[in-house]
Structures are given as structure tokens and as C-alpha cells.
Amino acid sequence: MASTMKYVRVPPNSASLAEARQRVFEFFKTACRSIPSIMEIYTLDDVTSPSQLRSVISSEIRKNAHITNPKVIDMLLFKGTEELCNIVEHSKQRHHILGQYVLNREDRTHDIGNKDQGASDFLKSFYKSNY
């Protein structure tokens, strides 16, 4: 147990919103610098480009741009760091990466459109938002 604890480093909480914002920029730089190794590990060259992955990372970060609480930002950064570590350490399989970061949500919901011929409006909106 003690040996695994030295590898997990949780940064201290941000003192202000400016410090949390700086950490977000550092995380973005780290994620962008790891894109070439991710492309090599998962052989994504035939499916996507590094610039597309970079834009996916930035859109994921921008989804939470409205958050102003530094503690919440730190928690989201921790989750993002864990996700990045799992991807770089090859803890995910290729289809996980393709489904979460390469394919657009519209592409996934578009395939369902033909199957929902008799579904109610509630179910159609549910499938679009959660699938």
C-alpha cells in the first residue's frame, strides 16, 4: 500500500481562480504534448489527426468554462489528469478512445435514428442526450 501511494501525487488546492486557471492551461499543454504518443500507442493515424485530437481536448476543457469555484476546477483537473494517465499508460483499448474522443456524438446518435421509428419523443430526446 505504501509503495503505491508515492506514485499518486495530488496537487494542493488552488488558492484562487487565477491559480486554477493557470493549472488548466498547464494541463492542456501536457495533454497536447502527449498526443503524439497517444497516436502511436493506439494507431490513430488512419482515423484522426493530431489537430483533431487537440480540438477535442480543448472542447472538453471549454465545456466547463463556466465554473468559477477553484475547488471544483481542481477536482475536474484531477479527473482529467487521471483520464490522461489511463490513456497514456494504455489502460484503455483502442475502441474506447475511438468512441469517446474520435467519433462525434452526432455520428453515434445518427446511427440510432432509423431504429427509433416507433419510439416516443421522450425516448428520442433521451437517446440523443445520453447515448
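Structure shown above.
Thresholds applied
- Residues numbered from 1 in each chain as written.
- Predicted model: local features only at pLDDT ≥ 70, side-chain atom pairs only at ≥ 80, totals over all residues.
- Heavy atoms only, no water.
- Helix = DSSP H or I, 4+ residues; strand = E, 2+ residues; numbered from the N terminus.
- Buried < 20%, exposed > 50% of the residue type's maximum accessible area, 1.4 Å probe, protein only.
- Core = buried A, V, L, I, M, F, W, Y, C linked by side-chain atoms within 4.5 Å.
- Contact = heavy atoms within 4.5 Å.
- Expected span 1.5 Å × (residues − 1).
- Axes fitted to C-alpha atoms, helices over the stretch in contact; angles between N-to-C directions.
- Parallel < 35°, antiparallel > 145°, perpendicular 65-115°, else oblique.
- Left-handed = near helix turned anticlockwise from the far one by under 90°.
- Nonpolar A, V, L, I, M, F, W, Y, C, P; charged D, E, K, R; others polar.
- Salt bridge = Lys/Arg side-chain N within 4 Å of Asp/Glu carboxyl O.

Visitor: Help me get a handle on the environment of Met-75, residues and values and all.
Guide: Within the secondary structure, Met-75 is located in helix H5 (residues 70-88). Since its relative accessible area comes to 40%, Met-75 is described here as partly exposed. Taking the C-alpha atoms as reference, Met-75 lies 9.0 Å from Asn-13; in sequence the two are 62 residues apart.

Visitor: An account of the nonpolar core is requested, with residue identities and associated values reported.
Guide: Among the nonpolar cores identified, the biggest contains 18 residues, and Ile-38, Tyr-42, Leu-44 and Leu-53 are the most heavily contacted of them. Sorting the residues of this core by element identifies helix H2 (17-33), helix H3 (35-41), helix H4 (50-62), H5 and helix H6 (94-102) as the ones contributing at least two each. With 4 residues, the single largest contributor to this core is H5. In contact with Leu-53, not counting residues within four places along its chain, are Ile-35, Met-39, Leu-44, Thr-48 and Val-102.

Visitor: So what's going on with H2? Which residues, and what values?
Guide: The terminal C-alpha atoms of H2 lie 24 Å apart, and with 17 residues this matches the ideal 24 Å at 1.5 Å per residue to within 8%. Every buried residue of H2 is accounted for by Ala-20, Arg-23, Phe-27, Ala-31 and Cys-32. Residues of H2 that are buried in the fold lie against H3, H4 and H5.

Visitor: Describe the packing of H2 against H4, with residues and values.
Guide: Put simply, H2 and H4 touch, their axes get as near as 10 Å, and they point 155 degrees apart. In this view, H2 runs roughly antiparallel relative to H4, as classed from their interaxial angle. As for the relative orientation of H2 and H4, their crossing is right-handed in sense. For the pair formed by H2 and H4, the contact residues are Val-24, Phe-27, Phe-28, Ala-31 and Cys-32 on the first element and Arg-54, Ile-57, Ser-58 and Ile-61 on the second. Classifying every residue of the contact of H2 with H4 by side-chain character gives 7 nonpolar, 1 polar and 1 charged.

Visitor: Describe the pattern of salt bridges, listing the residues and the values that go with them.
Guide: Two side chains carrying opposite charge are able to pair once their charged atoms lie near each other. Enumeration according to the criterion identifies 4 salt bridges in this entry. In this structure, the salt-bridge partner of Glu-19 is Arg-23, at a minimum N-O distance of 3.1 Å. Of the two residues, Glu-19 and Arg-23 both sit in helix H2, 4 residues apart, roughly one turn of that helix. Taking relative accessible area as the criterion, Arg-23 reaches 18% and is therefore assigned buried. Measuring nitrogen to oxygen at the nearest pair gives 3.0 Å for the salt bridge that ties Arg-94 to Asp-46. One end of the pair, Arg-94, is in helix H6; the other, Asp-46, is in the loop between H3 and H4, and 48 residues separate them in sequence. On the basis of relative accessible area, Arg-94 is assigned to the partly exposed category, the value being 29%.

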